[in-house]
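# Working through the structure, step by step
Each chain is listed here by its residues.
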Amino acid sequence: MSINTQILIGGAKKYPLLVCSAVIALVLLLALYLRSDLLPAQRAELDKYSMEGRRHRRNIANAAQLQDQLNFLIQANNAVKDRALVAGGLAQNLQYFYRLEAEVGIKYLDLRPGARSAAIKGSSYVPLNYIVTIQGDFIQVITFLRHLERGAYFCRINSAVASNSGSVATINLNLDLLGVP
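Rules used throughout
Residues numbered from 1 in each chain as written. Predicted model: local features only at pLDDT ≥ 70, side-chain atom pairs only at ≥ 80, totals over all residues. Heavy atoms only, no water. Helix = DSSP H or I, 4+ residues; strand = E, 2+ residues; numbered from the N terminus. Rg over C-alpha atoms; globule rule 2.2 N^0.38 Å. Contact = heavy atoms within 4.5 Å. Areas by Shrake-Rupley, 256 points an atom, 1.4 Å probe, with all protein chains shown as cover. Lys, Arg positive; Asp, Glu negative; His and termini not counted. Charge placed at Lys NZ, Arg CZ, Asp CG, Glu CD. Core = buried A, V, L, I, M, F, W, Y, C linked by side-chain atoms within 4.5 Å. Buried < 20%, exposed > 50% of the residue type's maximum accessible area, 1.4 Å probe, protein only. Axes fitted to C-alpha atoms, helices over the stretch in contact; angles between N-to-C directions. Parallel < 35°, antiparallel > 145°, perpendicular 65-115°, else oblique. Left-handed = near helix turned anticlockwise from the far one by under 90°. Nonpolar A, V, L, I, M, F, W, Y, C, P; charged D, E, K, R; others polar. Pairing = 2+ DSSP bridges.

## Quick notes on the overall build of the chain
- For the chain, the count of helices and strands is 6 helices and 5 strands.
- Across the chain, helices and strands are ordered from the amino to the carboxyl terminus as α-α-α-α-β-α-β-β-α-β-β.
- Its C-alpha atoms give the chain a radius of gyration of 41 Å, clearly above 16 Å, the size a compact globule of 181 residues would have.
- Taken along the three principal axes of its C-alpha coordinates, the chain extends 130 × 30 × 30 Å.
- Counting contacts in the chain only where the partners sit at least 6 residues apart, residues at least 24 apart contribute 66% of the total.
- When the accessible surface of the chain is split by element, carbon and sulfur atoms take 62% of a total near 13,300 Å².
- Across the chain, the mean location of the 19 positive side-chain charges is 12 Å away from that of the 12 negative side-chain charges.

Spelled out as structure tokens, the structure:
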């Protein structure tokens, strides 16, 4: 052995803790160097799990009111169903228009159901088309339209044609009422 080797071995025997610490530090630096290429992949995986954790925390926080929101939606859906006509009940549906005639004082020149559109698969509601021609003074016609707008059932006016002869106004309506099949 050479003199430098003997000095190194003697120094290692004299300071074993320092030598062990240096060897461990070198091994750790070597491991860090060899694993440094894995860092971006691990950082991406950490970001993915962090985002998923934040999403789960938001879901848990939002779920606190979920039952209240579900109850509200059920009540709203029931309220809409209560304001819908039954598609098969033609006589009861026409009764709605006859009540309007009695309340407002207009006169029907034509009142008939229009073409029924096929129910959309999976849909809970269908439009019930009616063709209505009414006659009355201007105030009665406007009152009739307001009753349709704010009435017991949801109504959509598809087309309207109005004419006037003296004090008598005539209006032709093509309208849809919300119905349940």
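## A look at the nonpolar core
- Residues Phe97, Tyr108, Val132 and Phe144 are the most contacted members of the largest nonpolar core, which totals 23 residues.
- Looking at this core, the elements that each hand over two or more residues are helix H5 (90-104), strand E2 (107-113), strand E3 (126-136), helix H6 (138-150) and strand E5 (168-180).
- Not counting the four nearest positions on each side in its chain, Val132 is found in contact with Phe97, Tyr108, Asp110, Leu111, Phe144, Ile171, Asn172, Leu173 and Leu175.

## Here's the deal with the packing of H5 against H6
- As a packed pair, H5 and H6 sit with axes 10 Å apart at the nearest point and diverge in direction by 140 degrees. When the interaxial angle is binned, H5 and H6 end up oblique. The two elements H5 and H6 meet at a crossing, and its hand is right-handed. Judged by residue contacts, Tyr96, Phe97, Leu100, Glu103 and Val104 of H5 engage Gln140, Thr143, Phe144, His147 and Leu148 from H6.
- Class assignment for the residues of the contact of H5 with H6 results in 6 nonpolar, 3 polar and 1 charged.

## Observations regarding the pairing of E3
- The buried fraction of E3 amounts to 8 of the 11 residues, a majority that puts the element mostly inside the structure.
- With 6 bridges connecting them, E2 and E3 associate as antiparallel partners. Bridging from a neighbouring strand, Tyr108 pairs with Ile134 of E3.
- Summarising the sheet, E3 and E5 pair through 11 bridges and their orientation is antiparallel. Residue pairing in the sheet places Val132 in a bridge with Leu173 of E5.

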